[in-house]
Amino acid sequence: MSEQRAVDALTASGLEYEITRHGRVGSLAEAAAARGVEPRDIIKTLVVRRAEGQYLFVLVPGDREISWPKLRSFLGVNRLSMPDKDVAQQATGYERGTITPFGSTTAWPVVADLDLSGDPERRISLGAGAHGVAATVNAEAALSRLHAQIADVTDLQTA
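These lines cover the structure that appears in this document, whether it is placed above or below.

1. Here we look at the overall build of the protein chain
Per the secondary structure count, the protein chain includes 5 helices and 9 strands. Starting at the N terminus and walking to the C terminus, you meet the elements of the protein chain as α-β-α-β-β-β-α-α-β-β-β-α-β-β. In terms of principal-axis extent, the alpha carbons of the protein chain reach across some 40 × 30 × 30 Å. Per-residue burial over the protein chain gives 44% buried out of 159 residues. The long-range fraction of contacts in the protein chain, counting pairs at least 24 apart against all pairs at least 6 apart in sequence, stands at 63%. About 7,900 Å² of surface is accessible on the protein chain, with carbon and sulfur atoms providing 48% of the total.

Right, here's the structure in full:
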């Protein structure tokens, strides 16, 4: 079960975490309310294809979206893409909408948006391997355990 793999990885990481099970939600606001965090603290874990067979995770705050020019510049590449749902599942072992770096079948590099760092008290909520299941963790501790590269790679959502 994917959820168990994520929970096992969180436990092995030594992070303090809280698992929330809330079923499917219809909006970012609903997800935040169910998880007891602000919408900006719901973290989207996006799988980005860097090259053939090479992926990375990009952690994006709920109120933001990837800025492709910023991400390409940070990585020093001219082209990036988002794999389709089947390829993302093959690369991580998780279905889209449940993806987390914790317990991924491959430990891809992690890039976290700059907005996620700098507040030692901030708690963020990430997918935990199954629909409607999330793990809430301290942001700084999680970024450290994931060896995340911190960079300005997003913009505020406009819609």
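2. Considerations on the pairing of strand S2 (residues 43-51)
Judged from the 8 bridges that link them, S2 and strand S3 (residues 54-61) form a sheet pairing that is antiparallel. Across the sheet, the residue bridging to arginine 49 is tyrosine 55, located in S3.

3. Some words on the sheet that holds strand S8 (residues 149-151)
Read across the sheet, 4 strands follow the order S2-S3-S5-S8 without closing on themselves; strand pairing throughout is mixed. Two strands in the sheet have a free side with no partner beyond their single neighbour: S2 and S8. On average, adjacent strands in this sheet sit at an angle of 30 degrees to one another, irrespective of strand direction. Here S3 runs beside strand S5 (residues 110-113); their pairing, made up of 3 bridges, is parallel. Of the residues in S5, the one forming a bridge with phenylalanine 57 is valine 110.

4. Here we look at the sheet that holds strand S1 (residues 17-21)
Pairing is antiparallel across the open sheet formed by 3 strands, whose spatial order is S1-S7-S6. The open sheet has two edge strands with one neighbour each: S1 and strand S6 (123-127). Strand-to-strand twist across the sheet, computed as the mean angle between neighbouring axes with direction ignored, equals 30 degrees. Relative to S1, helix H1 (residues 2-13) is tilted by about 165 degrees, and along the sheet it contacts S1 and strand S7 (133-138).

5. Brief notes about unusual backbone geometry
In this structure, histidine 147 is a non-glycine residue whose phi angle is positive, near 55 degrees. Mapped onto the fold, histidine 147 is located in the loop between helix H5 (139-145) and S8.

What counts, and where the lines are drawn
- Residues numbered from 1 in each chain as written.
- Predicted model: local features only at pLDDT ≥ 70, side-chain atom pairs only at ≥ 80, totals over all residues.
- Heavy atoms only, no water.
- Helix = DSSP H or I, 4+ residues; strand = E, 2+ residues; numbered from the N terminus.
- Buried < 20%, exposed > 50% of the residue type's maximum accessible area, 1.4 Å probe, protein only.
- Contact = heavy atoms within 4.5 Å.
- Areas by Shrake-Rupley, 256 points an atom, 1.4 Å probe, with all protein chains shown as cover.
- Pairing = 2+ DSSP bridges.
- Axes fitted to C-alpha atoms, helices over the stretch in contact; angles between N-to-C directions.

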